[in-house]
Amino acid sequence: MPLLLAIVGSVASFSPSHPALLHQRSVGNNNNNDSSNHNSSMGPRRRSNHNGVIALHSSTMEQQATFTSTSSITKPNSSPNPWEVHKFGGASLANASLYQTVGDLLLRESAGRSSSGPIPTMAIVSARGGMTDLLVDVVSSALDDISQAESRLQSALEGQLTILRELVAADTDDDTSTIADEIEANMRKDAADILSVVQSLRMIRSVPPSVMEVVTGFGEIWSAQTLYAYLKSRGVTVAWLDARDVLIVKSEGANAGLGEKGSSSSTGGVTPVWDETMRRLEVWWDEVGRREGVHWDDDDDESATHSDTAPIVIATGFVATSSEGVPTTLKRSGSDYSATIFAKLTQSSRVTMWKNTDGVYTADPRRVPEAFSIASLKYDEAMELAYFGAQVLHPSAMVPCIDSNIPVYVRNIFNPEFAGTVIQGRCASLTDVNKDGKVVNWRSKKGVIPIKGITSVDRVSLLTLEGASVIGGAEVAERFMGSMADAGIDVLMVTQASSESSITVVVPENQGKRALDALRNTFELELSRSNVNAISLTDIPMAIIAIVGEGMAMNSGVSASFMSSLAKANVNIRVIAQGSSERQVAVVVEAKDVSRALRSAHMAFTLSSTMVSVAVLGGTGKLGTALIRQLNKQKENLAKNLKIGVCVNAIASSTKMRLGENGACLATSNPDELLLGDAQDLDMDALTAALEADVNPHRVIIDCTNCDDVANYYEKWMSSDPGRVAGSGPLERYNAIRDAQRANSVDWQYESSVGSALPILTTLRDLMQTGDEVQLLRGCLSGTMAYIFSTMNEETSFSQAVRQAMEQDFTENDVRDDLTGSDVASKIVILARELGMDISVDDVEVESLIPEEVRNKQYSGTKDEINDTILEDLKVMDAPMLKRWKEAVDNNLLLRYKFVIDVINGKCRCNLEAVPNTDTLYRLRNNENLVAFETSRYTTSPLIVKGAAAGPELAAAGMFADLLRLGRAFSTFQT
């Protein structure tokens, strides 16, 4: 222990010979150059050296505290306005430009709002961005390589000095240059002290927590002096306060160190010693504040000159001193806590936490792009969000403000005009909420959302004790939690199954192994006797997701909406717990599912529109282009009226593809251009990997192709519109896709594969699901065939009618798919399978209208050249087709390409048939489709679905409708 004291003592500010010495380096307006004090030893007097360094011994403070000040810091200079505290984090202080932004903002805030007059202002500053980590590295590396530690320390120091020099330029006046020189000298001496400390670490071959806290605290000290220097260079009357001189704290974990970065449980139980801290702050105000010119009395000779100004104080965040006089910290992210502590001490009217976001968000915007700023929160809600991982606030920071009812504002340093989030007031107690006793469904409260935000805690593990029923539940719980407490484990969540006396706790991942060992030691005897089945620790990354909000109490359906949204996103829940306050519900899921779960839950509570990620395959073809054009045209309408957003983040042709970076939406105004330049070659595996990596829980693949290679991926995807090829392809593949669909609870929409925009499949399903028995389907499923035989006559030959159909984009990409009947046969198979018939295309009797040699011929050239050649070859059919047409007309009949599905006999066919005027197909027009449903209910007259169904625009409209069905399914739980 004496060795440790010697190490700490190597920092001049904390000499072991004066354990209570509080070191204040004050620079600037220091006119105390009394030579009699210049060389005196540190004692109960203030001394100054040529650098303007002031040391205040604790006894000095004790003596000063007995004096009666004419102006308390809580009522500074008889100001009509109370203090306001502003806290700036490392992201707001990353470079000289940001320090300047912060300084200028402080001046504006201090000037007051409207006619209220100047406002006493205190700024709590963190270390510059990244400085704390740099200083941690200095300490850590010293054990192995002191030269490396020295190099890193020098790099950290020079980074801060570079900012200082940039802020206080060399061409400023002499006084300002002197300030900069003095501060630089202070920093260099600090760095020398740090080096002395870390050099001693090699002797003990370890890093005491107190040493780490001493060293890392200099980041804040340097930062405060840097901002102080900038304001001084602007001629501002300002003082800086080293919180170690006044803020006295006690800690439940004296040797806890800094705590884990980003941890919601890293406060270490640090609490201020309020009376002692207030006493020391008043001494500082009377001594240093007066000397620096920020404290004056009404009867001061110069008080009139201050009528339009208010004091500005720059204070260090994060650092403090223990009640034993040892330098310590408020742990990682503790500057928020510093701000609220000083707000309570100074009886401030508000605290503003300046961040790099527009307040507290409904979710982490890095994971949920649709997240937005929350206008207001209660203290309790903010603490729940902080505990469950919301990085914008420190969990302990609310406590001082709750005690004094001080509102906390969270605003954006880069967008100061935005109001941000205000945190104030307490949530109603559960007793008060339950007085009414009335439970209502949250959806019945139109426009009222029961939750305020959704947050997560990453890197957690599940520790489970199973089957301890022999021991008894109460004893198991007591011993379980006792072992966690003894081992210093932070228990984040607890669930217990009383029937088996099994308990699961959620602990930080880095404490998992220690927790497992502690629990095994506690139940060692029971394990050996098999009184406990097993003790296990998860070996895969896990995370907590929590919904938080005061409105959850006495509102039914909240948990159902939460759980259902996760189920829709195919997220498995491992642990569930609800807080007794009914202000939060938390679940544990696998870490890989966190972003998808957050987005899905965010949408479920209408905190954002339902966003659908869309991949369009065949996006540059006629159908794909038409679909994308319709999506672009309807985007605003979908967002406004249906609360559905469509994001096309992948598009592919037969040879190229373009993927949005990290799932970002593509600019789809011209799909062809997207597949030029640096577009990737089409790689279905890479495309599949990108689709799986998309964290949006609502993903759709729209297949505008008729390609078997694409259909082979449907079983993997099962988030798409698999379309006609999969729906009518090999029966084995079809059944595998259906199995995958059921297993993964995904939707397969392929209405447009049968009748474009006509609701043929929907009608069929409705009939069957309402108990009707479908006996026969008949009609025409080819708009191309309908057009050809409505157009053909003695003046217009068969081949000419085909040409006209092609010119109007009614045909398939290869017109032979229409003329051979294979297109209709595929649609027949889809309908038949819906009816429960296990058939394939080969089982359909199909009449082809073109010769076999034309059907099997290999064509080459451009698309237009191929089509011209096919049309030329089709001329051999003009005469026979004209003959069939004349025979039909002579008998008052019309030619129609008809399909029939005979369910009772299990037969399917499609062929060219001459129909009488009593047939529903007789009045078929141009490019129409028609399906007549003959069922046990519709016996005297069939149910008919009829309408235009040829061309890319109509086919795209059908696919668009499929997409909207999926969108509505995704938003089932939104109202």
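In what follows, the structure referred to is the one given above.
Parameters and conventions
The residue numbers shown here count from 1 along each chain, following its written sequence. Totals for whole chains, interfaces and linings use every residue, but because this is a predicted model, local features are given only for residues with pLDDT of at least 70 and side-chain atom pairs only at 80 or more, for both listing and counting. Excluded from the side-chain calculation are hydrogens and water; included are all heavy atoms of the structure. Under the scheme applied here, a residue whose accessible area is under 20% of the maximum for its type counts as buried, over 50% as exposed, and between as partly exposed, the area being computed with a 1.4 Å probe on protein chains only. A run of H or I in DSSP counts as a helix once it spans at least four residues, and a run of E counts as a strand once it spans at least two, with each numbered from the N terminus. Regarding the arc, it is the one traced by the directions from the helix axis to the C-beta atoms. Think of a polar contact as two N or O atoms within 3.5 Å of one another; within protein, one of them needs to be a possible hydrogen donor and the other a possible acceptor, and neighboring residues in sequence only count if both atoms come from side chains. Pairing between strands requires that DSSP locate at least two bridges from one strand to the other. In what follows, residue pairs with any heavy atoms lying within 4.5 Å of each other are defined as contacts. Lines are fitted to the C-alpha atoms to define the axes, a helix being fitted only along its stretch in contact, and any angle between axes, read from their N-to-C directions, falls within 0 to 180 degrees. Throughout this description, any angle smaller than 35 degrees is read as roughly parallel, any larger than 145 degrees as roughly antiparallel, any in the 65 to 115 degree range as roughly perpendicular, and the remainder as oblique. By the definition used in this description, the sense in which the near helix is turned from the far one sets the handedness, with an anticlockwise turn below a right angle giving left-handed and a clockwise turn giving right-handed. Classification convention: Asp, Glu, Lys, Arg as charged; Ala, Val, Leu, Ile, Met, Phe, Trp, Tyr, Cys, Pro as nonpolar; all other residues, Gly among them, as polar.

1. Quick word on helix α22 (residues 684-693)
Side chains three or four residues apart in an α-helix point the same way, a direct result of the helix having 3.6 residues per turn. When α22 is considered as a whole, its buried residues turn out to be Met-684, Leu-687, Thr-688 and Leu-691. Around the axis of α22, the buried residues are gathered within 100 degrees of arc, so they sit on the same side. Two to three positions downstream of the cap, the backbone nitrogen of Asp-685 sits 3.0 Å from a side-chain oxygen, assigning the N-cap of α22 to Asp-683.

2. Regarding unusual backbone geometry
A negative phi angle characterises most non-glycine residues, just as the trans form characterises most peptide bonds. Residues other than glycine seldom take positive phi values, yet Ser-530 does so here, at roughly 65 degrees. Structurally, Ser-530 can be placed in the loop between α17 (524-528) and β19 (534-537). Unusually for a residue other than glycine, Ser-756 sits at a positive phi of about 55 degrees. Tracing the chain through its elements places Ser-756 in the loop between α27 (752-755) and α28 (760-769). Accessibility expressed as a relative area gives 9% for Ser-756, which makes it buried.

3. Digging into the sheet that holds strand β35 (residues 943-948)
Pairing between the strands of a sheet is mediated by backbone hydrogen bonds and can be parallel or antiparallel. Across the sheet, six strands lie side by side as β31-β33-β32-β30-β34-β35; this open sheet has mixed pairing. Two strands in the sheet have a free side with no partner beyond their single neighbour: β31 (845-846) and β35. Two elements, strand β32 (residues 894-902) and strand β33 (residues 907-915), share nine bridges in a ladder whose sense is antiparallel. In the sheet register, Leu-895 faces β33, and the bridge partner there is Ala-914. Of the strands in this sheet, β30 (774-780), β31, β32 and β33 are in contact with helix α32 (residues 822-834), which crosses β32 at around 30 degrees. Those strands touched by helix α35 (residues 878-890) are β32 and β33, and its axis lies near 85 degrees from that of β32.

4. Focus: the packing of helix α5 (residues 131-142) against helix α8 (residues 209-216)
Closest axis-to-axis distance for the α5/α8 pair is 9 Å, and the angle between their directions is 135 degrees. Taken together, the axes of α5 and α8 lie oblique to each other. Note on packing geometry: the crossing formed by α5 with α8 is right-handed. Of the residues in α8, those in contact with Thr-132, Leu-135, Val-136, Val-139 and Ser-140 of α5 are Met-212, Val-215 and Thr-216. Residues of the contact of α5 with α8, tallied by class, amount to five nonpolar, three polar and no charged.

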